[in-house]
Amino acid sequence: MIIIIKPNTKKELVSSFVAELEKTPGLQAHLVDGLHTTIIGLVGDTSKIDIDNLRTNDIVEEVKRVQEPYKNANRKFHPDDTVVDIGKGIKIGGGHFQVISGPCSVECEEQICEIARRVKSAGSTMLRGGAFKPRTSPYAFQGLKAEGIELLLEANKATGLPIVTEIMDAAHLPLFENVDVIQVGARNMQNFELLKELGHTRKPILLKRGLANTIEELLMSAEYIMAGGNENVILCERGIRTFETTTRNTFDVSAIPVLKKLSHLPVVADPSHAGGINWLVEPLALAAVAAGADGLMIEVHNNPAKALSDGKQSLTPDEFDDVMVKIKNILAAMGRSIG
Ligand code: PEP
Ligand code: MN
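Residues numbered from 1 in each chain as written. Chains lettered and ligands numbered in written order. Predicted model: local features only at pLDDT ≥ 70, side-chain atom pairs only at ≥ 80, totals over all residues. Heavy atoms only, no water.

**Q** Quick question: what am I supposed to make of unusual backbone geometry here?
**A** Backbone geometry follows two general trends: most residues other than glycine have a negative phi, and most peptide bonds adopt the trans configuration. Even without a glycine there, the phi angle at N8 is positive, about 65°. Checked against the element boundaries, N8 lands in the loop between strand 1 (2-5) and helix 1 (11-21). Taking the relative accessible area as the measure of exposure, N8 reaches 80% and is therefore exposed. Despite not being glycine, K88 has its phi angle at roughly 55°, a positive value. With respect to the helices and strands, the residue K88 is situated in the loop between strand 5 (84-87) and strand 6 (90-92). Judged by relative accessible area, which is 46%, K88 ranks as partly exposed. (Helix = DSSP H or I, 4+ residues; strand = E, 2+ residues; numbered from the N terminus. Buried < 20%, exposed > 50% of the residue type's maximum accessible area, 1.4 Å probe, protein only.)

**Q** It is not clear to me how the packing of aromatic side chains should be interpreted in this structure. Could you clarify?
**A** What describes a pair of aromatic rings is the distance from one ring centre to the other and the angle between the planes of the rings. Across all of its chains, the model carries 2 aromatic pairs by this definition. Ring centres of F132 and F176 lie 6.1 Å apart, and the angle between their planes is 25°; on these two criteria the pair is classed as stacked. With F132 in the loop between strand 8 (126-128) and helix 4 (146-159) and F176 in the loop between strand 9 (163-167) and strand 10 (181-184), this pair connects stretches of sequence that are 44 residues apart. Its relative accessible area of 5% is what places F132 among the buried residues. Residue F176 is classed as buried on the basis of its relative accessible area of 1%. Seen in terms of ring centroids, F192 and Y224 are 4.5 Å apart; in terms of plane orientation they differ by 20°. Their pairing is stacked. Of this pair, F192 sits in helix 5 (residues 192-199) while Y224 sits in helix 6 (residues 215-227), and the two are 32 residues apart along the sequence. With relative accessibility at 30%, the residue F192 sits in the partly exposed group. Given a relative accessible area of 32%, Y224 falls into the partly exposed group. In this structure, K71 packs its charged tip against the face of F77, placed 5.2 Å from the ring centre. (Phe/Tyr/Trp six-rings, centres within 6.5 Å; stacked < 30°, edge-to-face > 60°. Lys NZ or Arg CZ within 6 Å of the ring centre and 35° of its normal.)

**Q** Whenever I open this one, the site of ligand 1 confuses me. Can you help?
**A** Around ligand 1 lies a shell formed by R128, K133, E166, Q183, G185, A186, R187, K208, R238, H273 and E299. In this structure, K133 approaches ligand 1 through a side-chain N or O atom, which is 2.9 Å from an oxygen atom. Between an oxygen atom of ligand 1 and a side-chain N or O atom of R238, the distance comes to 2.6 Å. For ligand 1, the protein covers 97% of the area, taking 290 Å² as the surface of the free molecule. (Near = heavy atom within 4 Å. Polar contact = N/O pair within 3.5 Å; in protein donor to acceptor, adjacent residues only side chain to side chain. Areas by Shrake-Rupley, 256 points an atom, 1.4 Å probe, with all protein chains shown as cover.)

**Q** Looking at this model, I keep getting lost on the sheet that holds strand 10. Mind explaining?
**A** Backbone-to-backbone hydrogen bonds join strands into a sheet, with any given pair of strands oriented parallel or antiparallel. Strands sit in the order 7-8-9-10-11-12-13-14 around a closed barrel of 8 strands; the barrel is parallel. Taking each pair of neighbouring strands and ignoring which way they run, the sheet shows an average axis angle of 30°. Here strand 12 (residues 233-237) pairs with strand 13 (residues 267-269) via 3 bridges, running parallel. Residue L235 lies in a different strand from strand 13, and its bridge partner there is V267. Across the face of the sheet, helix 5 comes into contact with strand 9, strand 10 and strand 11 (205-208) while running at roughly 165° to strand 10. (Pairing = 2+ DSSP bridges. Axes fitted to C-alpha atoms, helices over the stretch in contact; angles between N-to-C directions. Contact = heavy atoms within 4.5 Å.)

**Q** Explain the coordination of the manganese ion (ligand 2) here, please?
**A** By definition of the ideal shapes, four donors in a tetrahedron about a metal sit 109.5 degrees apart, and six donors in an octahedron sit 90 or 180 degrees apart. Protein coordination of the manganese ion (ligand 2) is provided by C104 (SG), H273 (NE2), E299 (OE) and D310 (OD), with donor distances spanning 2.0 to 2.4 Å. Counting residues between consecutive donors of the manganese ion (ligand 2) along the chain gives the motif C-x168-H-x25-E-x10-D. Taken together, the positions of H273 in helix 8 (residues 271-275) and E299 in strand 14 (residues 295-299) put the pair 26 residues apart, joining distant regions of the chain. By the burial criterion, H273 is buried, and E299 matches it. (Donors = N, O, S within 2.8 Å, 3.2 Å for Na, K, Ca; no water.)

**Q** Looking at this structure, I do not really get the domain arrangement of the chain. What am I missing?
**A** When the parts come together, some accessible area is lost, and that loss is often what is quoted as the size of the interface. Looking at the chain, the domain boundaries give domain 1 (2-64) and domain 2 (84-333). Computed over C-alpha atoms only, the centres of domain 1 and domain 2 are separated by 43 Å. (Domains from an automatic or database assignment.)

**Q** Explanation requested: the pattern of salt bridges in the structure shown.
**A** Per the stated rule, a full pass over the model turns up 18 salt bridges. With a shortest N-O distance of 3.5 Å, D52 and R55 are connected by a salt bridge. One end of the pair, D52, and the other, R55, are both in helix 2 (residues 51-55), 3 residues apart, so they sit about a helical turn from each other. Take R55: its relative accessible area is 38%, and that puts it in the partly exposed class. Its salt-bridge partner being K260, residue D294 comes within 2.6 Å of it at the nearest N-O pair. Here K260 lies in helix 7 (residues 255-262) and D294 lies in the loop between helix 9 (281-290) and strand 14, a separation of 34 residues in the sequence. In the salt-bridge network here, residues are joined through shared partners; they are D52, R55 and E62. (Salt bridge = Lys/Arg side-chain N within 4 Å of Asp/Glu carboxyl O.)

**Q** Quick question: what am I supposed to make of the packing of helix 3 (residues 109-122) against helix 10 (residues 317-333) here?
**A** Each pair of packed helices can be summarised by the angle the axes make with each other and by the distance between the axes. Between helix 3 and helix 10, the least distance of the axes is 9 Å, while the angle of their chain directions is 25°. In terms of orientation, helix 3 lies roughly parallel with respect to helix 10. The two elements helix 3 and helix 10 meet at a crossing, and its hand is right-handed. The residues of helix 10 that touch helix 3, namely those facing R118, V119 and A122, are P317, D318, F320, D321, M324 and K328. Broken down by class, the residue content of the contact of helix 3 with helix 10 amounts to 5 nonpolar, no polar and 4 charged. (Parallel < 35°, antiparallel > 145°, perpendicular 65-115°, else oblique. Left-handed = near helix turned anticlockwise from the far one by under 90°. Nonpolar A, V, L, I, M, F, W, Y, C, P; charged D, E, K, R; others polar.)

What follows is the structure in structure tokens.
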């Protein structure tokens, strides 16, 4: 971090400011006293420094970060890829690629069990399904809640697929005890109290990028979970809101290699919510694989026209079969495979 001191500041004020800065353990301040400008180079772990607070100091002209404000999620401090162990023999990251698929919402036992069987036979390695649904309208289907989680556990019993489902309220955590991966949806990416609670668990967390959040904000949200001691974080690019209205969101494919460069955490892509249209899922999924994603999340429904949410972007099981063949081909061309 570089702190530029206002011109003509008395030397005693600068010295006491430096002494104050160095009170933080692990931080060293290096003073460069030029003819017209005095700057302080602050080295060490600056992630806990409040930059806005520094800026309000009377003797400070400007403060510039030269290091990212996240430490736990930063590849600089953890050069090797993190491999998140989902349990049930499934790992993601560090060369392990997984496909998470299933309906937007769990609707009934027949629906979730039928879809689970079909996606498993296509090669999907995890099952998704929303039980608590964050819907734009309070009048839209809100999910089966606790019963939805029970039905996912039934589908897990029937197929062995680990389950991924979204949490919206930390008070619901006891219901998620047997859930394999807890999803934090785009709308809750900056629900910091929820993130902190999840940091106290050791469950794998699939953290989706917010609708209008930067890559750095996504990494800072991962940092919230990791700062609590839970390092099992999987990042998810699911499209961001732009001026474009043809697609539901704009798929930020560059976020995949950027996140992998900045962080050691696994990165999954969700082409279903990114494009919002059934026929767009395949090209976006293939682009994500080619860009180096560690996994995909794809919505599949046995009757999209009758789906209680996101039918428009859901693949039928037959369509999913075809897309999976292409995903496997791209992976093979890259010398990779599912698992
Ligand atoms: C979902 O995965 O069902 C979902 C609601 O996604 P997002 O949070 O990305 O909108
Ligand atoms: Mn959905």
